[in-house]
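# Structural characterization, general
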Amino acid sequence: MNAGRLSPHIGPAAPLALEYRGRQLVQAMQLRRIADAEGVWLDAEPHIYSRGGVELLGVTEILKNVGLIDERWWAEDHAVRGRLVHTIAARVVNDEPAADGYAGYEQSLRIWQGGEAPITLATELLVSHDQSGYAGTLDWLMVWREAIWVIDFKTGAEAKWHRLQTAGYAEALRSLPDCPPLRRAALYLHEDGTPATVRVHYDPADHAYFKAALAVETFKR
């Protein structure tokens, strides 16, 4: 991402203490799944979350069903492209060999990562909020600029619902005991290979809006 587009500047690379706390957070979320006899699982092809055979609400599904996501975004061609790009992005941040196709998006992320040097804590992390009955897949949890960040990869134009999506993931992580402070952002990858762009999600009201959407969708069920 182009660091010049992030405001305000919030300092140099994060200390090791943050990385340690972040890895504890990832471990706690993973242990929650192991300790739960029923577990939370994702059926990747239809993209359905479940626990003990009972379907759970998904973060993006919630926002779609309450009318916050444009149906054009939800069309199959966009969904397929999104899955492929997310696969590429996960390989890049984990320093794995390049995947075929979508070279521009891959270059966009590699340039940003090379310039900013974030510390990857997890990619494609399955998170759940047991009390609220929803789950989701967090694209990237990282340490960067003296903070732990909840990051969602995007390939299209900015939209207001992106802020609520990261709020949903953050709320799931915050349901864990002793969760450290989290920051949220979307990382927009560009097809032309130019450096990715960060948009920080500052507004604390995003969490209230996500909870309202969750309440509506829960009521409908």
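What comes next concerns the included structure. (Residues numbered from 1 in each chain as written. Predicted model: local features only at pLDDT ≥ 70, side-chain atom pairs only at ≥ 80, totals over all residues. Heavy atoms only, no water.)

## Here's the deal with the overall build of the protein chain
The following threshold applies: Numbering of helices and strands runs from the N terminus, with a helix taken as a DSSP run of H or I at least four residues long and a strand as a DSSP run of E at least two residues long. Buried, partly exposed and exposed residues are distinguished by accessible area as a fraction of the type maximum, computed with a 1.4 Å probe on protein chains only: under 20%, between the cut-offs, and over 50%, respectively. Contacts: residue pairs with any heavy atoms within 4.5 Å of one another. Note on areas: Shrake-Rupley, 1.4 Å probe, and residue coverage restricted to the protein chains presented here.
Each helix and strand in the protein chain was counted, giving seven helices and eight strands. In the protein chain, which comprises 221 residues, the proportion classed as buried is 46%. Here the analysis covers contacts within the protein chain between residues at least 6 apart in sequence; of these, 64% occur between residues at least 24 apart. About 10,900 Å² of surface is accessible on the protein chain, with carbon and sulfur atoms providing 55% of the total.

## Things to note about unusual backbone geometry
Where the residue is not glycine, phi is negative for most of them; where a peptide bond is considered, it is trans in most cases. A positive phi angle, near 60 degrees, is found at aspartate 95, a position not held by glycine. The backbone of glutamate 146 shows a phi angle near 60 degrees, a positive value even though the residue is not glycine. Owing to a relative accessible area of 44%, glutamate 146 belongs among the partly exposed residues under this scheme.

## Looking at the pattern of salt bridges
Selection rule: Any carboxyl oxygen of Asp or Glu within 4 Å of a side-chain nitrogen of Lys or Arg constitutes a salt bridge here.
Counted according to the given criterion, the structure contains 11 salt bridges. Where aspartate 206 meets arginine 163, a salt bridge forms, and the shortest distance between an N and an O atom there is 2.9 Å. In this pair, aspartate 206 is assigned in helix 7 (residues 205-220) and arginine 163 in helix 6 (residues 161-174), connecting sequence segments 43 residues apart. You can call aspartate 206 buried: its relative accessible area is 0%. On the accessibility criterion, arginine 163 (25% relative accessible area) is partly exposed.

## Notes on the packing of aromatic side chains
Each aromatic ring pair is characterised by the separation of its centres together with the angle its planes make. How we decide: When two rings of Phe, Tyr or Trp (its six-membered ring) have centres within 6.5 Å they constitute a pair, described as stacked for plane angles under 30 degrees, edge-to-face for angles over 60, and tilted for the intermediate range.
All told, the structure shown has six aromatic pairs when counted by the stated rule. Aromatic pair tyrosine 102 and tyrosine 105: ring centres 5.9 Å apart, planes at 35 degrees, arrangement tilted. On the basis of relative accessibility, which here comes to 31%, the residue tyrosine 102 falls in the partly exposed class. Among the aromatic side chains, those forming a connected cluster through ring pairs are Trp112, Trp140, Trp144, Trp149 and Phe153.

## Quick word on the pairing of strand 5 (residues 134-143)
A regular strand places its side chains on the two faces of the sheet in alternate fashion. Selection criterion: At least two bridges found by DSSP between two strands is the condition for calling them paired.
The buried fraction of strand 5 amounts to 10 of the 10 residues, a majority that puts the element mostly inside the structure. Here two bridges tie strand 3 (residues 54-58) to strand 5, and the two strands are oriented parallel to one another. Paired with leucine 57 across the two strands is tyrosine 134, which belongs to strand 5. Bridge count for strand 4 (residues 119-129) against strand 5 is nine bridges, and the pairing is antiparallel. Looking at the pairing, threonine 120 lines up with methionine 142 of strand 5. Hairpin connection, strand 4 to strand 5: the antiparallel pair is bridged by four residues, and glycine 133 has positive phi, about 75 degrees. When strand 5 meets strand 6 (residues 148-154), the two strands line up antiparallel, connected through four bridges.

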